[in-house]
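# Structural features, examined
Chain residues, written in single-letter form:
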Amino acid sequence: MSVVHVIDHPLVQHKLTLMREKDRSTNSFRRLMHELSMLMAYEVTRDMPTQLIDIETPLESMRSPVIDGKKTVFVSVMRAGGGFLDGMLEIIPGARVGHVGLYRDPRTLMAVEYYLKMPDHMEERDAIVLDPMLATGNSATAAVERLKEFKPRSIRFVSLLAAPEGLRHFHAQHPDVPVYTAAIDRQLDEHGYILPGLGDAGDRLFGTK
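Presented here is a report on the structure given in the accompanying data block. (Residues numbered from 1 in each chain as written. Predicted model: local features only at pLDDT ≥ 70, side-chain atom pairs only at ≥ 80, totals over all residues. Heavy atoms only, no water.)

### Looking at the overall build of the protein
Spelled out, the test is: Note on conventions: DSSP H or I runs of at least 4 residues are helices, E runs of at least 2 residues are strands, and numbering of each starts at the N terminus. Only C-alpha atoms enter the radius of gyration; for comparison, a globular chain is expected to reach 2.2 Å times N to the power 0.38, where N is the number of residues. Residue burial is assigned from relative accessible area. The probe radius is 1.4 Å, only protein chains are included, and a residue is buried under 20% of its type maximum, exposed over 50%, and partly exposed in between. In what follows, a contact means two residues having at least one pair of non-hydrogen atoms within 4.5 Å. The positive count covers Lys and Arg only, the negative count covers Asp and Glu only, and His and the chain ends enter neither. To locate a charge, take NZ of a lysine, CZ of an arginine, CG of an aspartate or CD of a glutamate.
Helix and strand content of the protein: six helices and twelve strands. Radius of gyration (C-alpha) of the protein: 18 Å, near the 17 Å computed for a compact globule of 209 residues. Considering only C-alpha atoms, the protein reaches an extent of 65 × 35 × 30 Å along its principal axes. Buried residues in the protein amount to 45% of all 209 residues. Considering only contacts within the protein whose residues lie at least 6 apart along the sequence, 66% involve residues at least 24 apart. For the protein, the separation between the mean place of its 25 positive charges and that of its 28 negative charges on side chains is 3 Å.

### Observations concerning the nonpolar core
Cut-off, in case you're wondering: Take the buried residues of types Ala, Val, Leu, Ile, Met, Phe, Trp, Tyr and Cys, join any two whose side-chain atoms come within 4.5 Å, and each joined set is a nonpolar core.
Counting residues in each nonpolar core, the largest one holds 35 residues, and the members touching the most others are Met40, Val158 and Leu198. Those elements giving two or more residues to this core turn out to be α1 (10-20), α2 (26-44), α3 (81-91), β7 (126-130), β9 (154-162), β10 (179-184) and α6 (201-206). Take this core: its biggest share by element is seven residues, from α2. In contact with valine 158, not counting residues within four places along its chain, are Met40, Val44, Phe84, Met88, Ile128, Val129, Leu130, Asp131 and Tyr180.

### Here's the deal with the packing of helix α4 (residues 138-148) against helix α5 (residues 164-173)
Test applied: Working convention: axes come from line fits to C-alpha atoms, limited for helices to the stretch in contact. Angles between N-to-C directions cover 0 to 180 degrees. In this scheme, roughly parallel covers angles under 35 degrees and roughly antiparallel covers those over 145, while 65 to 115 is roughly perpendicular and the rest are oblique. Handedness of a crossing is defined here by the sense of rotation of the near helix relative to the far one, left-handed for an anticlockwise turn of less than a right angle and right-handed for a clockwise turn. By the convention adopted, Pro, Cys, Tyr, Trp, Phe, Met, Ile, Leu, Val and Ala count as nonpolar, Lys, Arg, Asp and Glu as charged, and the other residues, Gly among them, as polar.
With their axes 8 Å apart at the nearest point, α4 and α5 run at an angle of 20° to one another. Taken together, the axis directions place α4 and α5 in an arrangement best described as roughly parallel. For the pair α4 and α5, the crossing hand works out as right-handed. Note on element contacts: α5 touches α4 through His169, Phe170 and Gln173, opposite Asn138, Ala140, Thr141 and Val144. Across the contact of α4 with α5, the residue classes break down as three nonpolar, four polar and no charged.

### A short note on the pattern of salt bridges
Inclusion rule: One speaks of a salt bridge when a side-chain nitrogen belonging to Lys or Arg is within 4 Å of a carboxyl oxygen belonging to Asp or Glu.
Overall, the coordinates contain twelve salt bridges when judged by the stated rule. Here glutamate 43 ties to arginine 46 by a salt bridge, and the two come within 2.7 Å at their closest N and O atoms. Exposure remark for glutamate 43: the relative accessible area of 30% places this residue in the partly exposed category. Assessed through its relative accessible area of 61%, arginine 46 is described here as exposed.

### With respect to the side chain of threonine 72
Secondary-structure assignment places threonine 72 in strand β4 (residues 72-78). Classification of threonine 72 by relative accessible area gives buried; the value is 3%. In contact with threonine 72, not counting residues within four places along its chain, are Met48, Ala95, Arg96, Asp126 and Ile128.

### Side note on the pairing of strand β3 (residues 61-67)
Across a regular strand the side chains alternate sides, sitting on one face of the sheet and then on the other. Rules: Only strands that DSSP links by at least two bridges are regarded as paired with each other.
In the sheet, strand β2 (residues 50-56) pairs with β3 via seven bridges, with the strands oriented antiparallel. Its bridge partner being in β3, glutamine 51 is matched across the sheet by valine 66. In sequence, β2 turns back onto β3 through a hairpin of four residues.

### Observations concerning α3
An α-helix turns once per 3.6 residues; consequently, residues spaced three or four apart project the same way. When α3 is considered as a whole, its buried residues turn out to be Gly81, Gly83, Phe84, Leu85, Gly87 and Met88. For α3, the secondary structure elements touched by its buried residues are α2, β4, β5 (96-104), β7, β9 and α6.

### Side note on a nonpolar patch on the surface
Counted only if it meets this: Each patch is built from residues lacking any salt bridge and having more than 30% relative accessible area; the joining distance is 9 Å for like charges and 5 Å for nonpolar side chains (Val, Leu, Ile, Met, Phe, Trp, Tyr). Only the protein chains shown count as covering a residue, and every accessible area follows the Shrake-Rupley method with a 1.4 Å probe.
On the surface, Val4, Val6 and Ile184 cluster together to form a nonpolar patch covering roughly 210 Å² of accessible area. Locating valine 6 in the fold gives a position in strand β1 (residues 4-6).

### Overview of the side chain of aspartate 185
Short version of the rule: Pairs of N or O atoms are called polar contacts if they sit within 3.5 Å, as long as, within protein, a hydrogen donor faces a hydrogen acceptor (for residues adjacent in sequence, only side-chain-to-side-chain pairs).
Position of aspartate 185 relative to the elements: it lies in the loop between β10 and β11 (187-188). On the accessibility criterion, aspartate 185 (7% relative accessible area) is buried. Within the structure, the side chain of aspartate 185 is placed 2.8 Å from the backbone nitrogen of glycine 197, a separation counted as a polar contact. When sequence neighbours within four positions are dropped, the list of residues in contact with aspartate 185 reads Arg20, Leu161, Ala162, Pro164, Ile194, Leu195, Pro196 and Gly197.

### A short note on the pairing of β10
As a reminder of what qualifies: Assignment of crossover handedness uses the view with strands pointing away from the viewer, where a clockwise path from the first strand over the helix to the second indicates a right-handed crossover.
Burial of β10 is extensive: five of the six residues sit out of reach of the surface. The pairing of β1 with β10 spans three bridges and is parallel. Following the sheet pairing, histidine 5 is matched in β10 by tyrosine 180. Where β9 and β10 come together, five bridges link them in parallel fashion. What sits directly across from alanine 162, in β10, is isoleucine 184. In terms of handedness, the path from β9 via α5 over to β10 forms a crossover that is right-handed.

That is the geometry; function is a separate question.
This is how it looks when you write it as structure tokens:
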């Protein structure tokens, strides 16, 4: 069943509003994405499995839960996914990282792959795919399709913004993959950009336009 989780925490929505502002500097945009990805990490990992270990508090022995960060893989969809990745790693520093390099053909809007690298033993790991913009859904669909070839234990997709058209396309191909996003915007324009959106996340993140 297709599932979309909209993370509507006030702090998430506040920082997203600041990121949308067109006059926001590259430095500020980058910092906000880092902070917002940290906040979103809490919701995305809410049901992450834990195991009990024996520890000593200053007063007595006990068994207490911990996560196994090495079983988590953040899959960054290059290039904008890199800005999303840093904040997630602040929360789960032991996570492994995979990369999928995709660019959108400006004529067809289809995703073209140019790089792929995943950790070993993906079948033992939970994958969290990171791409700030789920617009047409072509890149998201292609990234998850390639990831499934490695047979991870589970897959989740995380974006800052999503468009209804992109969500429909993505879940038509991957109804088993839940999507986590801070907002579902109104629609796409004729060039495949999200409206009202925040512009090109990669360009704003790296100051390339």
